[in-house]
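Letter by letter, the chains look like this.
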Amino acid sequence: MKRVKKVLSVLTATALIATLAACGGTSDKDSGSASGSGGDKLKKITLFQSKVEITEPLEALVKTYKEETGNEVEVWGAAGDAYQQQLVAKLGSNQGPTIFSVAPGPESEKLKSYFSDLSGEEFVKNIAPDMELKVDDKTVGIPYGVEGFGLVYNKDLVDPANVKDLDSFTKTLEQLKADGKNGLSLSQEAYFLIAHIINTPFALQPDPLAYIDQLNKGEVKMADTKEFQEWAKFMDAIKANTKNPLEVKYDSQMGDFATEKTAMVHQGNWSYSMLADFGDFGSKVGMMPFPLAGNDKIAVGVASYWVVNNQADADEVKAANAFLNWLFTSDTGKKAIVDDFKFIPALTNIEAGDLDPLSQAVHEATTKGETITWALNYFPSGIVTNDLAPATQEFFMNPSMTGEQFLQKLDEVWAKASK
């Protein structure tokens, strides 16, 4: 995920927030910590998190927290890209932080024995559908926020009503090609070339994680699965009617879209920051689902979750929950999440603020529960860059290679990578 993390760290990333508490029926403990009206003096806690771009606003926020409540939070910094290694080392030596962040997939699975059960906390009740981190049906992680991707389109060039299935998608690309436009652009970076677009057939499986597990064990093949078979035909249409993505970099992809040389890009809400350099696209750009097998939902996922360390003593856990309650329910905390952290809320009761149109589309899909999962978070470690991307490069470089053969190649490299 290295490429994606690098891109996303520049852009709107992710958020959290929660239930409007603070009036009437809260307990003394909650009202004191959330409203700053007094209450118990709580134990000092530590917080370690992975998003370097929110370090300064987070440090400013914990100062405000101390002013409002009298309670202290110490923010630890991570050196460079070494957050996960440092976290594992701290936890393993019983010097772990009280609150820390984890990514979904292999990272959270590795560390799940450290997660406190937050299911009974009021501040988790408004997490958007399917956006919490769960272990054994217990809510253990609160999302920073959400990000989403799909087909980003120019409203002057594409009508979503004409991109509903394989046939209409193909005809749209053919017509745009005849009009001298590039109908859809992928780009050469590994995640933008293959990981995001192949997410959809995985996400449409009845149980995406179980399917990935079966694929890892060699019990199923993509080439034998109907959603992947149709996906291969979409890839044939893209190969036949659009510019070779191996000739396209992310910045030129978005530049061509901004200057209307390209009608659609398979991208996420983070890409709007590049469009903004070309002017106001608010009324011209939208995001629609990749229409595989009748899919009518945007892929929305969470990059990181907050969790509470269950190895901390009881007073620290109590103080951690109080801080998270304040963060997710107080006006100060909620405002910081949206205005200072620049996150798209992952909780339904948070006013999102002034979002760009792509982030707004992701936010609306999230609050309505009209999303498909980021199954790619659960791919074997390193497989996108080391295996899937080279196979995709071969597909686009070899004029005679069909989508069906491409799918067989993906099965072949997956089998080797998952051993």
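In the nomenclature of an unreviewed UniProt entry, the protein chain corresponds to ABC transporter substrate-binding protein from the organism Paenibacillus solani.

Student: Looking at this model, I keep getting lost on empty space enclosed by the protein. Mind explaining?
Tutor: To find leftover empty space, a probe the size of one water molecule is rolled over the atoms. Tallied over the entire structure, the rule returns two cavities of 30 Å³ or more. The volume enclosed by the second largest cavity comes to roughly 40 Å³. In this structure, the second largest cavity is lined by Phe-149, Gly-150, Thr-200, His-266, Pro-289, Phe-290, Asn-295, Lys-297, Ile-298, Ala-299 and Ile-372. At the level of secondary structure, the elements contributing two or more residues to the lining of the second largest cavity comprise β6 (147–154) and β10 (298–301). Split by residue class, the lining of the second largest cavity holds six nonpolar, four polar and one charged.

Student: Please clarify how the layout of surface pockets should be interpreted in this entry.
Tutor: Taken as a whole, the second largest pocket holds about 930 Å³ of empty space. Around the second largest pocket, the lining comprises 35 residues; the ones closest to its centre are Glu-132, Leu-133, Leu-209, Thr-373 and Tyr-378. Looking at the lining of the second largest pocket, the elements with two or more residues in it are α5 (106–111), β4 (133–135), α8 (208–217), β10 and β12 (371–372). With five residues, the single largest contributor to the lining of the second largest pocket is α8. In the lining of the second largest pocket, the residues fall into 19 nonpolar, eight polar and eight charged. Formed jointly, the lining of the second largest pocket draws a minimum of three residues from each of two domains, domain 1 (45–145 + 303–348) and domain 2 (147–301 + 370–418).

Student: Help me out: how do you make sense of the side chain of Gln-49 in this one?
Tutor: Note on placement: Gln-49 falls in the loop between β1 (45–48) and α3 (55–69). Here the side chain of Gln-49 touches Lys-51 through a polar contact of 2.9 Å, landing on its backbone nitrogen. A polar side-chain atom of Gln-49 sits 2.9 Å from a polar atom in the side chain of Tyr-144. When sequence neighbours within four positions are dropped, the list of residues in contact with Gln-49 reads Ile-54, Thr-55, Leu-58, Trp-76, Tyr-83, Ser-101, Tyr-144 and Trp-306.

Student: Just to check I follow, could you spell out the nonpolar core for this structure?
Tutor: It is characteristic of soluble globular proteins that their nonpolar side chains tend to be buried jointly. Membership of the largest hydrophobic core comes to 127 residues, with the highest contact counts inside it found for Phe-202, Trp-231 and Phe-323. For this core, the element with the highest residue contribution is helix α7 (residues 190–203), accounting for ten residues. Looking at which domains feed residues into this core, each of domain 1 (45–145 + 303–348) and domain 2 (147–301 + 370–418) supplies at least three. When neighbours within four sequence positions are excluded, Phe-202 is seen to be in contact with Pro-208, Tyr-211, Ile-212, Leu-215, Met-222, Phe-228, Ala-375, Phe-379 and Trp-414.

Student: Whenever I open this one, the packing of aromatic side chains confuses me. Can you help?
Tutor: How two aromatic rings sit relative to each other is given by the distance of their centres and the angle of their planes. Under the counting rule described, the total for this entry stands at 25 aromatic pairs. Summarising the aromatic geometry, the rings of Phe-48 and Tyr-83 are spaced 4.6 Å apart at their centres and angled 40° between planes, so their arrangement reads as tilted. Placement of Phe-48 in strand β1 and of Tyr-83 in helix α4 (residues 83–92) is noted, with a sequence separation of 35 residues between them. Comparing Phe-48 with Tyr-83 shows no difference in burial state: the two are buried. Geometrically, the ring pair formed by Tyr-65 and Phe-323 is edge-to-face, given 5.0 Å between the ring centres and 80° between the ring planes. One end of the pair, Tyr-65, is in helix α3; the other, Phe-323, is in helix α12 (residues 314–329), and 258 residues separate them in sequence. Across this residue pair, the class does not change: Tyr-65 and Phe-323 are buried. The rings of Phe-202, Tyr-211, Phe-228, Phe-379 and Trp-414 are connected pair by pair, giving a single aromatic cluster. Across from the ring centre of Phe-48, 5.6 Å away, lies the NZ or CZ of Lys-90, which sits over that ring.

Student: Help me out: how do you make sense of the environment of Ser-418 in this one?
Tutor: Mapping Ser-418 onto the fold places it in the segment after α16 (403–417). Sequence spacing of Ser-418 and Asn-216 is 202 residues, and the spatial spacing of their C-alpha atoms is 5.3 Å. What Ser-418 contacts, discounting residues up to four positions off in sequence, is Leu-215, Asn-216 and Pro-380. Polar contacts involving the side chain of Ser-418 include one to the main-chain carbonyl oxygen of Trp-414, which spans 2.9 Å.

Student: How do you make sense of α7 when you look at a structure like this?
Tutor: In an α-helix there are 3.6 residues to a turn, and that puts residues three or four apart on one side. Taking 1.5 Å per residue, 14 residues should reach 20 Å; α7 reaches 19 Å between its end C-alpha atoms and fits that length. Of all 14 residues in α7, 14 are buried; the element is thus mostly enclosed.

Definitions and limits used
- Residues numbered from 1 in each chain as written.
- Predicted model: local features only at pLDDT ≥ 70, side-chain atom pairs only at ≥ 80, totals over all residues.
- Heavy atoms only, no water.
- 1 Å grid on protein atoms, 1.4 Å probe; cavity = no way out; pocket = protein on both sides within 12 Å on 5 of 7 lines; lining within 4 Å.
- Points joined across faces, edges and corners; volume = space filled by probe spheres on them.
- Helix = DSSP H or I, 4+ residues; strand = E, 2+ residues; numbered from the N terminus.
- Nonpolar A, V, L, I, M, F, W, Y, C, P; charged D, E, K, R; others polar.
- Domains from an automatic or database assignment.
- Polar contact = N/O pair within 3.5 Å; in protein donor to acceptor, adjacent residues only side chain to side chain.
- Contact = heavy atoms within 4.5 Å.
- Core = buried A, V, L, I, M, F, W, Y, C linked by side-chain atoms within 4.5 Å.
- Buried < 20%, exposed > 50% of the residue type's maximum accessible area, 1.4 Å probe, protein only.
- Phe/Tyr/Trp six-rings, centres within 6.5 Å; stacked < 30°, edge-to-face > 60°.
- Lys NZ or Arg CZ within 6 Å of the ring centre and 35° of its normal.
- Expected span 1.5 Å × (residues − 1).

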